[in-house]
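# Observations on the three-dimensional arrangement
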Amino acid sequence: MSHHSPQVSADLIWEVSRSQNAFLVKRAQSGGVRFSRDPFNLVNIHSRKYAGFVNDKAIGVVENKDEKKGVTLITKAKATQKPAKGVVKTGLSGSKSTRKTYKTIASNTTKSGYRSDLRAEAIARASAIRKSQRPVKASPETKVRGAKAKKAAEKDE
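One structure accompanies this document, and this report is about it. In this text, all values refer to a predicted model and were calculated from it rather than measured experimentally. Numbering of residues starts from 1 in each chain and follows the order in which that chain's sequence is written. The predicted nature of this model means local features are confined to residues of pLDDT at least 70 and side-chain atom pairs, given and counted, to a pLDDT of 80 or more, with totals for whole chains, interfaces and linings taken over all residues. Note that the side-chain values use all heavy atoms of the structure and ignore hydrogens as well as water.

### Side note on the environment of Pro83
- Here a helix means four or more residues in a row that DSSP labels H or I, a strand means two or more in a row labelled E, and each is numbered from the N terminus. One can find Pro83 in the loop between strand E4 (71-76) and strand E5 (87-92).
- For Pro83, a relative accessible area of 70% translates into the label exposed.
- Each C-alpha atom of the pair Pro83 and Val16 lies 22 Å from the other, and the pair is 67 residues apart in sequence. Note on classification: 1.4 Å probe, protein chains only; a residue is buried when its accessible area is under 20% of the maximum for its type, exposed when over 50%, partly exposed between these limits.

Following this line, the structure appears as structure tokens:
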């Protein structure tokens, strides 16, 4: 996903591919908004900072598809010429507490000196994924309020 040659800068690749690439989603009806489907793009905004296919160091947080749920942290390795070894996946189980998940993401990004500027976005993405995996609570029945409403409810029964 990253550029293949050390002789070509990431800025040059961005300038060439920013108007047309496989991850770009253009929305003309919304005022020309541009989104990105890049798995390494944490906020899905088409910009140089968040473009994972351009940057040598990129972070992705995706949902686990197995029964334990959770999230998977994806980082790029140094082997840009070897696609099989170019990605490191760290599985974070759904049974682990959310605080431990966020701490793991923060330590893998900031403390290891990887991409400290993307720490907050990675944690926010993991938080949104974990929130979507929670079971939906059943809403309680609405209580009848007032004497007239109670009488009307008793008549209906």
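### Concerning the sheet that holds E5
- Pairing between strands is defined by DSSP: at least two bridges between them are needed. As summarised here, the arrangement of the 3 strands in space is E3-E4-E5, forming an open sheet in which the pairing is antiparallel. Taken across any chain shown, the strands that pair with only one partner, and hence form the sheet edges, are strand E3 (59-63) and E5. On average, each strand axis in the sheet is tilted by 20 degrees relative to the strand beside it, whichever way the strands run.
- With 6 bridges joining them, E4 and E5 adopt antiparallel strand pairing. Of the residues in E5, the one forming a bridge with Leu73 is Thr90.
- In what follows, a contact means two residues having at least one pair of non-hydrogen atoms within 4.5 Å. Lines are fitted to the C-alpha atoms to define the axes, a helix being fitted only along its stretch in contact, and any angle between axes, read from their N-to-C directions, falls within 0 to 180 degrees. Lying on the sheet, helix H2 (residues 98-111) is in contact with E3, E4 and E5; it crosses E5 at an angle near 160 degrees.
- Here helix H3 (residues 119-133) sits on the sheet and contacts E3 and E4; the angle it forms with E3, its principal contact strand, is near 0 degrees.

### Concerning a nonpolar patch on the surface
- Only residues above 30% relative accessible area that lack a salt bridge enter a patch, with like-charged residues linked at up to 9 Å and the nonpolar side chains Val, Leu, Ile, Met, Phe, Trp and Tyr linked at up to 5 Å. Accessible surface area values rest on a Shrake-Rupley calculation with a 1.4 Å probe, where residue burial reflects the displayed protein chains alone. Salt bridge criterion: a side-chain nitrogen from Lys or Arg within 4 Å of a carboxyl oxygen from Asp or Glu. A surface patch of nonpolar side chains, amounting to about 250 Å² of accessible area, comprises Val8, Leu12 and Val16.
- Tracing the sequence through the fold places Val8 in the segment before helix H1 (10-17).
- We classify Val8 as partly exposed; its relative accessible area is 30%.

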